[in-house]
Amino acid sequence: MIGVHPAGIRRRRHPLRAGGADVAAVLRSARGMAGELAEGLTPRAADRVARRARKLLDADGVVLCDLSGPLGTAGNVREDVRELAGRALTGGRPVRGGSAVAAPLLTGAEPMGALVAAGDEVVGEQVEALADWLGEALERAVLGLAREELALAELSRLRAQISPHFLYNALSAIASLVRSDPERARDLLVQFSELARYAFSGRGHFTTVAEEFRAIEVYLQLERARFGSRLSTSVRVAPEVLPVTLPFLTLQPLVENAIRHGIEPRPGGGTVTVTGAAVGPDCTVTVEDDGAGMDPELAEAVLSGRRERSGIGLANVDQRLRTVYGPEYGLVVETAPDAGTRVTFRVPLSSPGMATR
């Protein structure tokens, strides 16, 4: 571990003067290095940044070090790299050793590593300026990764709130038939096991429209067994949106809400319709019932979390969608007393970087 004295750390800023180099080329190179560091100072990123830095600085050799020592290299590597990097980190400022210059990579006032460049043409001021730039790129990367971790932690918390409601309703549907129709109850138990595997699998925070709709069809089988002729359902999804990524267990709480608060209160029952289609750049999913409906002001209060209704799940799903995609991607609720309820949400057709496993 290379020793560091935080009290001695300071940052000096200089423009990166690259002699006769084309300014646009310098900016492209700097932007490329920042992109390489998006996941932090990894060995792979350090190697790639070292190669770019060597060309930019016209150096014989460049080494990127983390706090434990050399991490990525390009060109001829000096034997005293570790010693030079340690001196730069300890003093918090660039140091020179013969034809080599070492400068610390600082994120705020905290060192994350050092840049060492060697060669007769190497200019200390350029090495320092590039180290400043790389430190700022690492700082942005650290903040970005922290925001991502917080968002995933929030998704875990919200997902945990949904699962007990799902479990209770599915088991209630089976329990209602155990005495009156045990064969049917056994069949439904098989369906429930399929849902349970889906809901409590070790998958990540995201799934696909295809899997969500498959789970909904099984869930509706359980609910039709419970409600009999009082519940009619219609499920339609366009083939082109089946691979679209969306947060895990987004759809089930909305269908549960439609049945429990729309259809169940009405003696004559009603119909729940679930659709998924491509609309412009988004996949739009709608859950609609012709049941009891509610006052729009109540719906707004429920959606904002100011008013709770057991098992409704609307505020939960709305928050998860906004956490992942942004404030414009929340739920849209259209309802009125005795006029049913329509809940719509949309997700981008393409969501790069979201793993379903």
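Attention here is on the structure that accompanies the text. As the structure is a prediction and not an experimental result, all values here were calculated from the model.

**Topic: the pattern of salt bridges**
Between side chains of opposite charge, a pair can form as their charged atoms come close. With the rule as written, the count across this model stands at eight salt bridges. A salt bridge links Asp282 to Arg346; the shortest N-O distance between them is 2.6 Å. On the criterion of sequence distance, the pair formed by Asp282 in strand β10 (residues 282–289) and Arg346 in strand β12 (residues 341–348) is long-range, its members being 64 residues apart. The salt bridge involving Arg322 is made with Asp318; its shortest N-O contact spans 2.9 Å. Pair noted here: Arg322 and Asp318 are both in helix α9 (residues 314–325), with a separation of four residues, about one helical turn. The exposure class assigned to Arg322 is partly exposed, which follows from its relative accessible area of 34%. The exposure class assigned to Asp318 is buried, which follows from its relative accessible area of 8%. One network of salt bridges, in which partners are shared, links Glu288, Glu334 and Arg342.

**Observations regarding the nonpolar core**
Counting 50 residues, the largest nonpolar core has Leu251, Val255, Leu331 and Phe345 as the members making the most contacts within it. Those residues in contact with Val255 that lie beyond four places of it in its chain are Ile216, Tyr219, Leu220, Val274 and Val287. One finds Leu37, Val62, Leu105 and Leu115 within the second-largest nonpolar core, a separate group that totals 28 residues.

**Side note on the packing of helix α6 (residues 209–227) against helix α7 (residues 251–263)**
Two elements in contact, α6 and α7, have axes separated by 10 Å at closest approach and are oriented at 25 degrees. With respect to their mutual orientation, α6 and α7 come out roughly parallel. Taken as a pair, α6 and α7 cross one another with a handedness that is right-handed. Together, Glu212, Phe213, Ile216, Tyr219, Leu220, Glu223 and Phe227 of α6 and Leu251, Gln252, Val255, Glu256 and Ile259 of α7 make up the contact between the two elements. Of the residues belonging to the contact of α6 with α7, the class tally is eight nonpolar, one polar and three charged.

**Focus on the environment of Asp80**
For Asp80, the position within the fold is in the loop between β2 (69–75) and α3 (81–91). Exposure remark for Asp80: the relative accessible area of 24% places this residue in the partly exposed category. Each C-alpha atom of the pair Asp80 and Ala100 lies 9.5 Å from the other, and the pair is 20 residues apart in sequence.

**Let's talk about the sheet that holds strand β4 (residues 100–107)**
The five strands lie next to each other as β2-β1-β5-β4-β3, forming an open sheet whose pairing is antiparallel. Each end of this open sheet is capped by a strand with a single partner; those strands are β2 and β3 (95–97). Across the sheet, the mean angle from the axis of one strand to that of its neighbour is 20 degrees, orientation sign disregarded. Pairing geometry for β3 and β4, over three bridges, is antiparallel. Each bridged residue has a counterpart across the sheet, and for Val95 the counterpart in β4 is Ala102.

What counts, and where the lines are drawn
- Residues numbered from 1 in each chain as written.
- Predicted model: local features only at pLDDT ≥ 70, side-chain atom pairs only at ≥ 80, totals over all residues.
- Heavy atoms only, no water.
- Salt bridge = Lys/Arg side-chain N within 4 Å of Asp/Glu carboxyl O.
- Helix = DSSP H or I, 4+ residues; strand = E, 2+ residues; numbered from the N terminus.
- Buried < 20%, exposed > 50% of the residue type's maximum accessible area, 1.4 Å probe, protein only.
- Core = buried A, V, L, I, M, F, W, Y, C linked by side-chain atoms within 4.5 Å.
- Contact = heavy atoms within 4.5 Å.
- Axes fitted to C-alpha atoms, helices over the stretch in contact; angles between N-to-C directions.
- Parallel < 35°, antiparallel > 145°, perpendicular 65-115°, else oblique.
- Left-handed = near helix turned anticlockwise from the far one by under 90°.
- Nonpolar A, V, L, I, M, F, W, Y, C, P; charged D, E, K, R; others polar.
- Pairing = 2+ DSSP bridges.

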